[in-house]
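Structural overview
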Amino acid sequence: MARDAQPVLGLPNGLELRPWNRDDADVLVAAGQDPAIRQWNLLVVESVREARERIERMHERRQAETGAIWAIARPGGEATGLIGLNGIDLAAGSAEIIYWLLPAARGGGVAVEAVRHVSRWALQDLGLHRLRLCHSVANPASCRVALKAGYAFEGVMRGALLHADGWHDQHLHARTRGDGQGAL
């Protein structure tokens, strides 16, 4: 994974998934101020400097083969969201899908398409076996994204993540390479 350049993945709605760059720092700051993104993704970015450091860590994690994060954007345009893989374990063949969208990009199926495309890349091109997608049980929008993207509901993880308002139970969804192409 570290030997190759991070691929740019096209989405059917005219958007693309591309690596984050220093010029995207303002978008990360805006995302860090969005109440929904802060609530569900625990993203706190207060300054352009912090955003650039976070973008640098994205690239470092890719080189370390522990993460792969893309900006969701129009070709040549400003990022409107984030999609990626956290906790990549190449030896065990697993990772966790993460994502968020700025308010203007929500509600049009962008998250579902981004999850499908990153999942296809991770399972087919990267060769992972299992992907998980977790979200607070109080976040029904993420549950819809998971199900529409072909992630089976596996159960509830009690008290699994500390949010600003306290501990949340999480839904666990997963997809394996053996699930067939289905929603991919």
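Below: a short report on this structure. Just so it is clear, the structure is predicted and the values come from calculations on it, not from any experiment.

What the chain contains, in helices and strands, is five helices and eight strands. Shown N-terminal to C-terminal, the secondary structure of the chain runs as helices and strands in the order β-β-α-α-α-β-β-β-α-β-α-β-β. By the compact-globule yardstick of 16 Å for 184 residues, the chain fits well, its C-alpha radius of gyration being 15 Å. Each of the three principal axes of the chain carries a C-alpha extent, and together these read 40 × 40 × 30 Å. Looking at the chain alone, contacts between residues at least 24 apart form 58% of all its contacts between residues at least 6 apart. Here the chain displays about 8900 Å² of accessible surface, and carbon together with sulfur accounts for 51% of that area. Computing the positive centroid from 21 side-chain charges and the negative centroid from 21, the chain places the two 4 Å apart.

Looking now at the pattern of salt bridges. The final tally for this structure, using the stated rule, is six salt bridges. With a shortest N-O distance of 2.8 Å, Asp24 and Arg18 are connected by a salt bridge. Taken individually, Asp24 and Arg18 each receive the classification buried, so the pair is uniform in this respect. Of the charged contacts in the structure, one is a salt bridge between Glu53 and Arg49, with a shortest N-O distance of 2.8 Å. You can see Glu53 and its partner Arg49 sitting in helix α3 (residues 48-63), four residues apart, about one turn around the helix.

A volume near 1100 Å³ is recorded for the largest pocket. As for the largest pocket, its lining consists of 39 residues, of which Asn41, Ile98, Tyr99, Trp100 and Ser142 are closest to the centre. Of all the elements in the fold, those that place two or more residues in the lining of the largest pocket are α2 (35-41), α3, β4 (79-89), β5 (94-101), α4 (110-125), β6 (130-136), α5 (140-148) and β7 (152-163). Among the residues forming the lining of the largest pocket, the class breakdown is 21 nonpolar, eleven polar and seven charged.

What counts, and where the lines are drawn
Residues numbered from 1 in each chain as written. Predicted model: local features only at pLDDT ≥ 70, side-chain atom pairs only at ≥ 80, totals over all residues. Heavy atoms only, no water. Helix = DSSP H or I, 4+ residues; strand = E, 2+ residues; numbered from the N terminus. Rg over C-alpha atoms; globule rule 2.2 N^0.38 Å. Contact = heavy atoms within 4.5 Å. Areas by Shrake-Rupley, 256 points an atom, 1.4 Å probe, with all protein chains shown as cover. Lys, Arg positive; Asp, Glu negative; His and termini not counted. Charge placed at Lys NZ, Arg CZ, Asp CG, Glu CD. Salt bridge = Lys/Arg side-chain N within 4 Å of Asp/Glu carboxyl O. Buried < 20%, exposed > 50% of the residue type's maximum accessible area, 1.4 Å probe, protein only. 1 Å grid on protein atoms, 1.4 Å probe; cavity = no way out; pocket = protein on both sides within 12 Å on 5 of 7 lines; lining within 4 Å. Points joined across faces, edges and corners; volume = space filled by probe spheres on them. Nonpolar A, V, L, I, M, F, W, Y, C, P; charged D, E, K, R; others polar.

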